[in-house]
Amino acid sequence: MGAVLSWLVYPPVVDSSPGLDDLPEICIALIYMHLGPVDVCRLAGLSSSFSRAALADFVWESKLPSNYKFLVRKLFDETPERMSKKDVYSLFIRPIRFDAATKEIWLDKSTGKMCMAISWKGMRITGIDDRRYWSLLPCDQSRFHTIAYLQQVWWLEVSGELEFNFPVGSFGLFFRLQKGKPGKRHGKRVCNLDQVHGWEIKPVRFELYASNGLHAVSQWFVKQVGNWGYYHVGDFTVENPNSPIKVKYSMSQIDCTHTKGGLCVDSVIVCPSELKERLFEW
């Protein structure tokens, strides 16, 4: 897929194929409007007409999220009006970190939809600085390369706030969690379950507030042992990409009748609601 998308940055010099160059470029470009970014890049290599048609601004603007001008200004300090839409899209081929590397944005390669990950470092975790309760572990299964590991507490509370200009649409917010301490032995991944306890007694409470008045509450038992799970907090909708929306989110288990431990906290994922079935692909 990387080789396909490299066309965005280094368009190939192609020889014309008999018949293909007879197609009007505007017709080819209109077909591109209904294809995903990867398919556009593949077809651009068929002939010079297909390649030129793939340079049209309206083709690539249809693949960009509706907040792309905000993203270009915030993340790259560039003026989007001075750039071709293909060049704008090429900025997002790879994930982009921001806010002291605690957040990451990427565009889904199939749909062009915007997704976001927020590291545990960008959240408030009660007792995170007390090594009796929490430890910080390197982890190659995290896109931020480190995770917060809960050894044991009576009171679990993790919360965060996000203010951002999201594109128009409905978005789901998920915590990425795992029971068990990840590690490696003889070069293979292992998971230590010695400290896992307390999660089967009561569920964890997840909550979301959005500045447009939306409020969601969900409760889940943390079940994934040795594998990462995505726990749905709630959804929020965006109607105006030019106005920031503030979202507060949290997870808590504050029943002090029992301790709990052996939990990994990696990140929060925000993605379009229609892509939630693809969370395990990222």
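Before any of the text, the structure's been laid out above.
As a convention, each chain's residues are numbered from 1 in the sequence order in which they are written. Only residues with pLDDT of at least 70 get local features here, since the model is predicted, and only at 80 or more are side-chain atom pairs given and counted; chain-wide, interface and lining totals rely on the full set of residues. Derived side-chain values reflect all non-hydrogen atoms in the structure, with water molecules and hydrogen atoms excluded from consideration.

K.L.:
Can you walk me through helix H2 (residues 25–32) in this structure?
P.N.:
Residues spaced three or four apart along an α-helix face the same direction, because each turn holds 3.6 residues. Using a 1.4 Å probe on the protein chains alone, a residue whose accessible area is under 20% of its type maximum counts as buried, one over 50% counts as exposed, and one in between counts as partly exposed. The numbering of helices and of strands both runs from the N terminus, where a helix is a DSSP run of H or I of at least 4 residues and a strand a run of E of at least 2. Of all the residues in H2, the buried ones are Ile28, Ala29 and Tyr32. End-on, the buried residues of H2 take up no more than an arc of 100°, which puts them together on one face. Against helix H3 (37–43), helix H4 (48–53) and helix H5 (57–61) lie the buried residues of H2. Within this analysis, the arc is defined by the directions that extend from the helix axis to the C-beta atoms. Any pair of residues with heavy atoms lying within 4.5 Å of one another is described as a contacting pair.

K.L.:
Teacher, can you tell me more about the sheet that holds strand E4 (residues 124–125) here?
P.N.:
The strands that make up a sheet pair up through hydrogen bonds in the backbone, lying either parallel or antiparallel. Taking strand neighbours across the sheet as the criterion, the five strands line up as E4-E7-E14-E11-E12 in an open arrangement whose pairing is antiparallel. One side of each edge strand has no neighbouring strand; the edge strands of this open sheet are E4 and strand E12 (215–220). Here, a strand pair is defined by DSSP locating no fewer than two bridges between the strands. Two strands pair when backbone bridges link them, and strand E11 (residues 204–210) and strand E14 (residues 245–253) are joined in this way by six bridges, in the antiparallel orientation. Note on E14: the bridge partner recorded for Tyr209 is Lys248.

K.L.:
Sorry if this is basic, but what is going on with unusual backbone geometry here?
P.N.:
Both trends apply: most residues other than glycine have a negative phi, and most peptide bonds are in trans. Here Asp77, not a glycine, exhibits a phi torsion of approximately 55°, which is positive. Within the secondary structure, Asp77 sits in the loop between helix H6 (68–76) and helix H7 (85–90). The backbone of Ala100 shows a phi angle near 55°, a positive value even though the residue is not glycine. Along the chain, the position of Ala100 falls in the loop between strand E1 (96–98) and strand E2 (103–107).

K.L.:
I'm lost on the pattern of salt bridges in this one. Help?
P.N.:
Any two side chains of opposite charge can pair, given that their charged atoms come close. Whenever a carboxyl oxygen of Asp or Glu lies within 4 Å of a side-chain nitrogen of Lys or Arg, that contact is scored as a salt bridge. A full pass over the atoms with the stated rule returns 15 salt bridges. Across the salt bridge formed by Lys202 and Asp255, the nearest N and O atoms sit 2.8 Å from each other. With Lys202 in the loop between strand E10 (188–192) and E11 and Asp255 in the loop between E14 and strand E15 (263–272), this residue pair connects regions lying 53 residues apart in the sequence. Exposure remark for Lys202: the relative accessible area of 40% places this residue in the partly exposed category. Each of Arg97, Glu104 and Arg143 takes part in one network of salt bridges that share partners.

K.L.:
How do you make sense of the layout of surface pockets when you look at a structure like this?
P.N.:
With a probe scaled to a water molecule rolled over the atoms, the places where space remains empty come into view. The space that makes up the largest pocket amounts to roughly 220 Å³. The greatest single-element share of the lining of the largest pocket, amounting to three residues, is contributed by strand E8 (residues 169–179). Note on residue classes: Ala, Val, Leu, Ile, Met, Phe, Trp, Tyr, Cys and Pro are nonpolar, Asp, Glu, Lys and Arg are charged, and everything else, Gly too, is polar. A per-class count over the lining of the largest pocket returns eight nonpolar, eight polar and three charged. Method remark: on a 1 Å grid restricted to protein atoms, a set of points is classed as a cavity if a 1.4 Å probe fits but cannot get out and as a pocket if it is open with protein on both sides within 12 Å along at least five of seven lines; lining residues have an atom within 4 Å of a point. Grid points are joined across faces, edges and corners, and a volume is the space filled by probe spheres set on the points.

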